[in-house]
Amino acid sequence: MDNIEIIEDKTLELTFIVKDESHGVCNALRHILMENPDVEYAVYNIDHPLTGKPEITIKTKRGKRPRIVLKAAAEQLKNESDEFKKLIDEEL
């Protein structure tokens, strides 16, 4: 994955940078992550609105790997985006 740069990968915490994305995708992903009962917290920060790259941190509860939770959340975001696109296409 060329768009993701892992900063820190611990047993229960993962921090990474998402290249070429904005608040929209990061906030949607964070929202999905926070709905997961295995996630203690999910936050993101963009240092500078014009030049900063989003840095996301996921902290999971005991026994849950952040990478697995992230993959599931990304898949859910993709599916929801596809469903929304389909609804728009049907209306237009």
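Residues numbered from 1 in each chain as written. Predicted model: local features only at pLDDT ≥ 70, side-chain atom pairs only at ≥ 80, totals over all residues. Heavy atoms only, no water.

J.: Tell me about the pattern of salt bridges, and please be specific about residues and values.
T.: Considering all chains together, one arrives at 4 salt bridges under this definition. Across the salt bridge formed by D9 and R67, the nearest N and O atoms sit 2.8 Å from each other. Placement of D9 in strand β1 (residues 4–9) and of R67 in helix α2 (residues 66–91) is noted, with a sequence separation of 58 residues between them. The exposure class assigned to D9 is partly exposed, which follows from its relative accessible area of 37%. Salt-bridge contacts for K78 lead to D82; the nearest nitrogen and oxygen are separated by 2.9 Å. (Salt bridge = Lys/Arg side-chain N within 4 Å of Asp/Glu carboxyl O. Helix = DSSP H or I, 4+ residues; strand = E, 2+ residues; numbered from the N terminus. Buried < 20%, exposed > 50% of the residue type's maximum accessible area, 1.4 Å probe, protein only.)

J.: Go over α2, please, and point to the residues and values.
T.: Between its terminal C-alpha atoms α2 stretches 37 Å, which fits the 38 Å expected from 26 residues at 1.5 Å a residue. Every buried residue of α2 is accounted for by P66, V69, L70, A73 and L77. Contacts from the buried residues of α2 go to β2 (13–18), α1 (23–35), β3 (39–45) and β4 (55–60). (Expected span 1.5 Å × (residues − 1). Contact = heavy atoms within 4.5 Å.)

J.: Summarise the sheet that holds β3; cite the residues concerned and give the values.
T.: Strand order in this open sheet of 4 strands is β1-β2-β4-β3, and the pairing throughout is antiparallel. This sheet does not close on itself; its edge strands, each paired only once, are β1 and β3. Shown here is a sheet whose adjacent strand axes are inclined to one another by a mean of 15°, direction ignored. Docked against the sheet, α1 engages β3 and β4, running at close to 170° with respect to β3. (Pairing = 2+ DSSP bridges. Axes fitted to C-alpha atoms, helices over the stretch in contact; angles between N-to-C directions.)

J.: Would you mind going over the environment of E8 in detail, with residue names and values included?
T.: Along the chain, E8 falls in strand β1. For the pair E8 and T57, spaced 49 residues apart in sequence, the C-alpha to C-alpha distance is 8.9 Å.

J.: Quick one: what's the story with the confidence of the model for the protein, residue by residue and with numbers?
T.: Model confidence for the protein is summarised by a mean pLDDT of 92, while 99% of its residues fall at 70 or above. β4 holds the highest mean pLDDT among the elements of the protein, 97, whereas α2 holds the lowest, 92. (pLDDT = per-residue confidence, 0-100.)

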